[in-house]
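Residues per chain are reported as follows:
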Amino acid sequence: MKFDIIVIGGGHAGIEAACAAAGMGCAVGLVTMDKKAMGRMSCNPAIGGTAKGHLVREIDALGGKMGLIADRTGIQFRMLNRSKGPAVWSPRCQSDRELYSVEALRIVESVPGITIIDDSAVDIISENNEVRGVITGNLGEIMCSALILSSGTFLNGLMHTGLNSVKGGRFGENASTGITETLLKLGFEAGRLKTGTPPRLKKDTINWDILEEQKGDENPQPFSHFTNAGDFPYLPQMSCYITHTSGKVHKVLEKGFGESPLFTGRIKGTGPRYCPSIEDKVVRFSEKNQHQLFLEPEGLNSDLIYLNGFSTSLPVEIQAEALKMIKGLEEVEMVRPGYAVEYDFFPPHQVDLTLETKLVKGLYFSGQINGTSGYEEAAAQGLIAGINAAAKIKGMPELVLKRSEAYTGVLIDDLVTKSTEEPYRMFTSRAEYRLLLRQDNSDRRLLKYGYEYGLIDKTSFEILEEKNRKVLEGIEFLNKHRIEMKAANVFLEAKGLDLVYNAETTAKLVKRPSVGLRELLSITTNNNQQVNDLISDINVLEQIEIELKYEGYIKRQQELIEKLEKFENSAIPLATDYKSLKSLSTEGREKLSKVKPRSIGQASRISGVTPSDISVLLVYLKT
Amino acid sequence: MNISFHEDTITAPATPPGIGALSIIRLSGPESFRLIDKIFKGKKKLSDADTHTLHYGLITEGSSTIDDVVVSVFRKPNSYTGEDVIEITSHGNPFIQRKILELLIAGGARAAEPGEFTRRAYLNNRIDLAQAEAVADVINSSSQASLRGARNQLDGLLSSKVKTLRDGLVETSSLIELELDFSEEDIILIDKSEIAGKIERIKAEIENLLKSFSFGKILRDGVNIAIAGKPNTGKSSLLNYLLRESRAIVSSIPGTTRDIIREDIIIDGFLFRLFDTAGIRSSVDEIEVEGVLRSRNAVKNADLTVFMYDSSEEFPEDLYRELLEVIDRKKLIIVQNKIDLPHIDGPLTDVKISAKTGEGIEKLLHSIKDRAFVNSNYTEKSIIVTNIRHKDCLVRAQDFLEKANISCRQNLSGEFIAADMRNAVEILSEIIGEITTNDILNNIFKNFCIGK
Ligand SMILES: Nc1nc2c(ncn2[C@@H]2O[C@H](COP(=O)(O)OP(=O)(O)OP(=O)(O)O)[C@@H](O)[C@H]2O)c(=O)[nH]1
Ligand SMILES: [Mg+2]
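Taken as a whole, chain A is organised into domain 1 (200-340), domain 2 (458-554) and domain 3 (570-622). For domain 1 of chain A and domain 3 of chain A, the distance between their C-alpha centroids amounts to 46 Å.

Now the structure itself:
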């Protein structure tokens, strides 16, 4: 058997990698232990959230699948941070866990060129540091030109509950062994991470009446640019509920600390600080006498509830006892205990910005294997790995997104440049150009790339171009279009804002706080065709409003980008021998040899590399 | 990391600090001509000048003249760095040198990093290939030298102060980010006015540091003191007394001193630069007229002026008023001289002395020190900014904080405030030469219970 590209793992990264590569015309083999578990949500049944929602919108604009699947299987949609500025609005949804997998499989099966192989990979075949294929448990050798490893938490997965540990990558599923060992032999460096999951509760044993309800948005918005608003939402919408732990709960948990795999040192892997287990929270924030918990439905027809905020690896009995102390859970039945899982990862300085490994040509890493956590982070990497693997085969240029154009670019640059010691999660604060990387303009930022690589159709691209044109024209128009003083002042006075002394341009007036573009325009229509056109096109209007309102801030960030552009564009040859550059600082030399940055810009972001190291590099680059 | 690519315009002294007869300031980059044209008044605009030409003219700030200078023009690529280069040759007075640098920086130039001219020269192929290694070594050793410099007491205090301020900013930024990235968490958020308060407190501290710059300048470059007055009042006699040698010609003929005589003395460890000037009066003598012009300029540029009058004469009301037009009364120490002779006390006098017997000179020195260090509240532990690059950074940081503060006051959403805060943090990090990533997230994870 032979494929252009083999993808190992049918998780969120694997799905995107396979679909993108096949979409670009490659023959793809997707190796997964159980195709029913395609796109399984092994942690909480939700997609998006702060910064993660941005990633989903970007994946979608690039022609990925996550947004589409999430839209069709979401049972609660919310736009987080709506009270704040547009840059931090983040879409999030609760998903029906079962339906998500069903839909993911349906989509993967609908992409021509993907062969799903129900098997597990046990070894990698390579020759002269170039990938040749994989060996699977049942089928044996399968050859390929590129191999994308997106095996999630399965590499030497080890699950802990109390002092019991069982091999496995996810509840009820086997771990995969062999791959890590092969990679080590090839010269890769491996590390160990940990993540946790909370207990699952039986829905009808919870006293819902006394809990605080959290509803979805009244007018839910889809993730995907291609979801038809008329069909959305596809499923009935559900609520989440909120409860809290208490001192009593903490007391019970403390009884189990002696048998905690975390505190007794059985768990060696590093866990995420932003997602600590409940026992960690109790210890580290002992002054807090309660912690917030979310009860999230696992699906429309599921009788399981996911207790978000209560991830734990304490002994089963302790978990059960502590749960009953929580308000609303007095009678609760725990269907499945929480557990921690440790797994191998490969510190991501070992991959290049295309996600191809620096050591073995044709081998790509994406998802948790690179030390990230989260479905969205995984999917974004899968997509980039898939596109680049296919691009290389098809002789197309590589796709490396800049930090200034996408969260996806920030994600991969962070991983490669700074590596990571804990599971990496995206935050909006990681993006220095946050004001430009908004969820609302993901199409304007990235759809062109999706189109370039054949993952977005021509019509969609033309629609976008039309939108861009309208936005530009609209801005130009509003910079000239004046609102009469009298009308403006009636409007301003009603809002308690300072009055104007002359007719003022719409562009200027909309910069005032609490002034919306639509309402501003509606006071002046006077049957002006251009104004009427603008008002009727919500998407265009939104872009214009944001660009005008925050013009000063947006300009400042753009200037900064331009200033640093030369840096980003000045390439460092991969073969640079840093050891021979005597003038580098010791730490700088070591870090540079490890990361092998592609550009001066990237080099300058490596911790331990000093400004004078950069000067030295600039000098040597000329020679 | 804030590193400059060679695209902005940089400036630095090209001659070593200290007094020489002349000093040269170099300016290099695409903006060189625009910057020099702003402050140079000569026969023609330098942007119209040919390469490799010299131009005489004045460096001015608004209506006042800083110095008369000679400017050399080198157009790219035929210059030391390969960029447009301007070299300003001024009098070797550190005050003047600093003033010119400040004007250029205020106009948009950036203080050059150690070795930066050489680096640019190299990158623009102005230096031969074989010198690559040597250049790299220069860059590295000069940055090491500045690190070593940073270990001296003054800079050490400054960098720990800046670190504290930076940590304060990181902490404030964390509070802002918390609200953006962790809005779903069960965390009590603080409101904008409190954040604005925090930003303002940090701004005030930076403001204090900036104020110390003028004092820092005194510490390093000394206090410039002009001795001025009508002819024959005893100015040169005072200079000689302080120097304990007859450096200047003293005579009973009014108009003895023609050109400025400059000498340094050290009092209690502080450097004072004395400028004995020609007595000011209207004259027809061409040389004397020029001397008087220089006297006036010296007064204008000095940190302090000893305004001397003769006990045996009327208090020179007219000259006093004239001087007040160019400098602040606070910078004027009015001295009545020749009190060994019969006299009556004049008005407005700060100190009475005799340059002949030495009476009152101790008092005069005290009053000079008091004036020079007034408002500086200087103590051994004072944190003082002496380096113009540090000052430049602090000013830039201050700008960003002001923007952040305005966004705060307008109650804009946190990401707008954070954008400027981030820049301020980066600039402060530049001063301490420490680049750390992810400070904000680390701070959040350390101090807040995050994670559902
Ligand atoms: N009795 C007395 N004579 C003084 C004193 N100071 C200066 N003289 C005399 O005053 C005359 C002028 O002194 P200079 O020091 O040359 O005065 P000047 O202000 O430098 O004069 P110009 O250079 O001409 O402006 C000399 O004859 C000095 O000896 C003083 O304190 N007491
Ligand atoms: Mg004299």
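The subject of this paragraph is the coordination of the magnesium ion (ligand 2). Looking at the magnesium ion (ligand 2), one finds its protein donor set to be Ser-236 of chain B (OG) and Thr-257 of chain B (OG1), positioned 2.0 Å from the metal centre. In this pair, Ser-236 of chain B sits in helix H7 (residues 235-243) while Thr-257 of chain B sits in the loop between H7 and strand E9 (261-267), placing the two residues 21 residues apart along the sequence.

Moving on, we get to helix H3 (residues 116-123) of chain B. Residue and element names in this part refer to chain B. Counting buried positions along H3 gives seven out of eight residues, so the element sits mostly inside the fold. Of all the residues in H3, the buried ones are Glu-116, Phe-117, Arg-119, Arg-120, Ala-121, Tyr-122 and Leu-123. Immediately beyond the C-terminal end of H3, within one or two residues, lies Asn-125, with a positive phi of roughly 60°.

Glancing now at the site of ligand 1. Residue and element names in this part refer to chain B. Taken together, 23 residues lie near ligand 1, and Ser-237, Gly-255, Thr-256, Thr-257 and Asp-340 sit nearest. One of the backbone N or O atoms of Thr-256 is found 2.7 Å from an oxygen atom in ligand 1. In this structure, Gly-279 approaches ligand 1 through a main-chain N or O atom, which is 3.2 Å from an oxygen atom. Relative to its unbound accessible area of 650 Å², ligand 1 is 89% covered by the protein chains. The greatest single-element share of the shell around ligand 1, amounting to three residues, is contributed by H7. For the shell around ligand 1, a count of residues per class yields six nonpolar, 13 polar and four charged.

Of note, the amide linkage connecting Phe-232 of chain A to Pro-233 of chain A takes the cis form, showing an omega dihedral of -5°. Considering the arrangement of structural elements, one finds Pro-233 of chain A in the loop between strand E14 (212-214) and strand E15 (240-244). Here the residue pair Lys-76 of chain B and Pro-77 of chain B is connected by a cis peptide bond, since its omega of 0° sits within 30 degrees of zero. Along the chain, the position of Pro-77 of chain B falls in the loop between strand E5 (64-74) and strand E6 (85-91). One non-glycine residue with positive phi stands out, namely Asn-81 of chain A, at about 65°. Counting through the fold element by element, Asn-81 of chain A comes out in the loop between strand E4 (74-80) and strand E5 (90-95). Among the residues examined, Asn-81 of chain A registers a relative accessible area of 6% and is labelled buried. Backbone geometry places Lys-338 of chain B, a non-glycine residue, at a positive phi of 65°. Residue placement: Lys-338 of chain B occurs in the loop between strand E12 (332-337) and strand E13 (351-352). Exposure remark for Lys-338 of chain B: the relative accessible area of 21% places this residue in the partly exposed category.

Residue and element names in this part refer to chain A. If you walk across this open sheet you meet the three strands as E3-E5-E4, and the pairing is antiparallel. Since the sheet does not close on itself, it has two edges, and those belong to strand E3 (46-48) and E4, each with one partner. In this sheet, adjacent strand axes meet at a mean angle of 15° when their direction is disregarded. Bridge analysis of E4 against E5 gives six bridges, and the strand direction is antiparallel. Paired with Met-79 across the bridge in E5 is Pro-91. Sitting on the sheet, helix H2 (residues 52-61) touches E3 and E5, and the angle it makes with E3 is about 75°.

Definitions and limits used
- Every residue gets a number counted from 1 within its own chain, in the order that chain's sequence is written.
- As they are written, the chains are lettered A onward and the ligands numbered 1 onward, keeping that order.
- Only residues with pLDDT of 70 or above have their local features reported here, since the model is predicted, and side-chain atom pairs are shown and tallied only from 80 upward, although totals for entire chains, interfaces and linings are computed over all residues.
- Values shown for side chains rest on all heavy atoms present in the structure; no hydrogens or waters enter the calculation.
- An automatic or database domain assignment provides the domain bounds reported here.
- Sodium, potassium and calcium take a 3.2 Å donor cutoff, other metals 2.8 Å, and in both cases only N, O and S atoms count; water is not among them, so sites may look incomplete.
- We count a stretch as a helix when DSSP gives it H or I for four or more residues in a row; a strand needs E for two or more, and each element gets its number in order from the N terminus.
- The cut-offs for exposure are 20% and 50% of the maximum accessible area for each residue type, with area from a 1.4 Å probe on protein chains only; residues under the lower value are buried, those over the upper are exposed, and the others partly exposed.
- For this purpose, a residue is taken to be near a molecule or strand whenever a single non-hydrogen atom of the residue falls within 4 Å of it.
- Think of a polar contact as two N or O atoms within 3.5 Å of one another; within protein, one of them needs to be a possible hydrogen donor and the other a possible acceptor, and neighboring residues in sequence only count if both atoms come from side chains.
- Under the convention used here, a 1.4 Å probe and the Shrake-Rupley method define accessible areas, while residue burial counts only the protein chains that appear.
- Amino acids are sorted into nonpolar (Ala, Val, Leu, Ile, Met, Phe, Trp, Tyr, Cys and Pro), charged (Asp, Glu, Lys and Arg) and polar (every other residue, Gly among them).
- Only strands joined by at least two bridges in the DSSP assignment are considered to pair.
- Interaxial angles span 0 to 180 degrees and are taken between N-to-C directions of axes, which are lines fitted to C-alpha atoms, for helices over the stretch in contact.
- Two residues qualify as a contact provided that any one of their heavy atoms is within 4.5 Å of a heavy atom in the partner residue.

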